[in-house]
Amino acid sequence: MPTPMLRTATSTDVLDVLRLLAQVPTWEEKNMDSWRRDLKEQEEHGDGAPHGVWVLEADGAVLGVATVKRGRRVPKTIDDRTWPVYLEYLIIDEHHRGGGRRYGARLEEHVMQELTQQGCSGAYLHVFKKDDGWEEALGFWECQGWEQAANSHPTHILMTKETAASAPESP
């Protein structure tokens with residue numbers, strides 16, 4: 001398989017993005033129109049759009065998607081720090097998971113690099129304990145450098161990660 005390419009999603013990716021989101025058991029199909037709007041808004045406003053959406057593709061096929069929320073209503077205070085971006089989804093197509101290809105890790109690294117370039121200081125996410133494979137997901141995020149927050153909830157684990165933009169400059 002050719003080397004996968006990471007890029008910002010466009011409105012032409014909507015069917016692939018929706019196909020991947022549909023692999024998440026808790027995702028609701030009623031959100032389809034809002035995703036169409038979000039992708040169009042991202043094309044028009046770039047980094048200023050409330051949703052950021054990136055895809056991982058190889059040979060013309062979209063293998064993964066990552067989405068973030070940002071804006072006025074998203075910042076969350078966790079462990080006495082405000083986290084400005086919520087990593088909402090990171091999904092690799094079920095037929096392309098594992099096998100040492102590191103697609104999920106590549107996509108996460110790309111998103112965090114993009115957030116760094118945008119001047120974002122960090123992001124947070126939830127690992128929901130009701131989801132199948134949540135322990136594996138937790139292990140994945142920890143391997144990527146995400147840390148469990150002290151104030152997690154019984155139904156989910158809050159995780160945070162600083163971007164390179166938040167690292168103190170060396171003298």
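Our structure's up above, just so we're on the same page.
To keep things clear, this report deals only with the structure shown in the data block. All values derive from a computational prediction rather than experimental measurement. (Residues numbered from 1 in each chain as written. Predicted model: local features only at pLDDT ≥ 70, side-chain atom pairs only at ≥ 80, totals over all residues. Heavy atoms only, no water.)

### Comments concerning the overall build of the protein chain
Test applied: Under the DSSP-based scheme used, a helix requires at least four consecutive residues in state H or I and a strand at least two consecutive residues in state E, with every element numbered from the N terminus. Computation of the radius of gyration draws on C-alpha atoms alone. For the globule rule, the value is 2.2 Å times the number of residues to the power 0.38. Only protein chains enter the calculation, and the probe is 1.4 Å; a residue is then buried if its accessible area is under 20% of its type maximum, exposed if over 50%, and partly exposed in between. Residue contacts are counted whenever heavy atoms from the two residues lie within 4.5 Å of one another. Note that His is not counted, nor are the chain ends; the positive residues are Lys and Arg, and the negative ones are Asp and Glu. One atom stands in for each charge, and that atom is NZ of Lys, CZ of Arg, CG of Asp or CD of Glu.
Helix and strand counts for the protein chain stand at 4 helices and 9 strands. The helix and strand sequence of the protein chain, counted from the amino end, reads β-α-α-β-β-β-β-β-α-β-α-β-β. The globule rule puts the C-alpha radius of gyration for 171 residues at 16 Å, and the 16 Å found for the protein chain is close to it. The principal-axis extent of the C-alpha atoms belonging to the protein chain is close to 40 × 35 × 35 Å. Counting across all 171 residues of the protein chain, residues that qualify as buried make up 42%. Within the protein chain, counting contacts between residues at least 6 apart in sequence, those at least 24 apart form 62% of the total. Of the charged side chains in the protein chain, 19 are positive and 28 negative, and the gap between their average positions amounts to 3 Å.

### Let's talk about the pairing of strand 6 (residues 85-92)
Filter applied, for reference: We call two strands paired when DSSP finds no fewer than two bridges between them. Seen with its strands pointing away from the viewer, a crossover is right-handed if its path from the first strand over the helix to the second goes clockwise.
By the criterion of burial, strand 6 is predominantly enclosed, with 8 of the 8 residues buried. As judged from the 2 bridges shared by strand 6 and strand 7 (residues 122-128), these two strands associate in the parallel manner. Looking at the pairing, Y86 lines up with Y124 of strand 7. In this view, the connection linking strand 6 to its parallel neighbour strand 7 by way of helix 3 (residues 103-117) has right-handed handedness.

### Concerning the packing of aromatic side chains
The criterion, for reference: Think of it this way: a Phe, Tyr or Trp ring, Trp meaning its six-membered ring, pairs with another when their centres are within 6.5 Å, and the plane angle makes it stacked under 30 degrees, edge-to-face over 60, tilted otherwise.
Taken as a whole, this structure holds 3 aromatic pairs when the rule is applied. Centroid distance W141 to W146: 5.5 Å. Interplanar angle 75 degrees. Geometry classified as edge-to-face. Residue classification places W146 among the buried positions, given a relative accessible area of 3%. Put simply, the rings of F140, W141 and W146 pair up and form one aromatic cluster.

### Here we look at the sheet that holds strand 6
The strands making up a sheet associate through hydrogen bonds between their backbones, and the pairing can be parallel or antiparallel. This is how the line gets drawn: For every element, the axis is a line fit to its C-alpha atoms; helices are fit only across the contacting stretch, and the angle between N-to-C directions ranges from 0 to 180 degrees.
Within the open sheet, the 7 strands sit side by side as 1-2-3-6-7-9-8. Their pairing is mixed. The open sheet has two edge strands with one neighbour each: strand 1 (5-8) and strand 8 (147-148). Seen against the sheet, helix 2 (residues 32-45) touches strand 1, strand 2 (51-58), strand 3 (61-70) and strand 6 and runs at an angle of roughly 90 degrees to strand 2. Along the sheet face, helix 3 touches strand 1, strand 2, strand 3, strand 6, strand 7 and strand 9 (156-162) and points at about 155 degrees away from the line of strand 6.

### Describing unusual backbone geometry
For residues other than glycine, phi is negative in most cases, and the peptide bonds are mostly trans. In this model, D79 sits at a positive phi of 50 degrees, which is unusual for a non-glycine residue. Assignment of secondary structure puts D79 in the loop between strand 4 (76-78) and strand 5 (81-83). What makes D79 partly exposed here is its relative accessible area of 41%.

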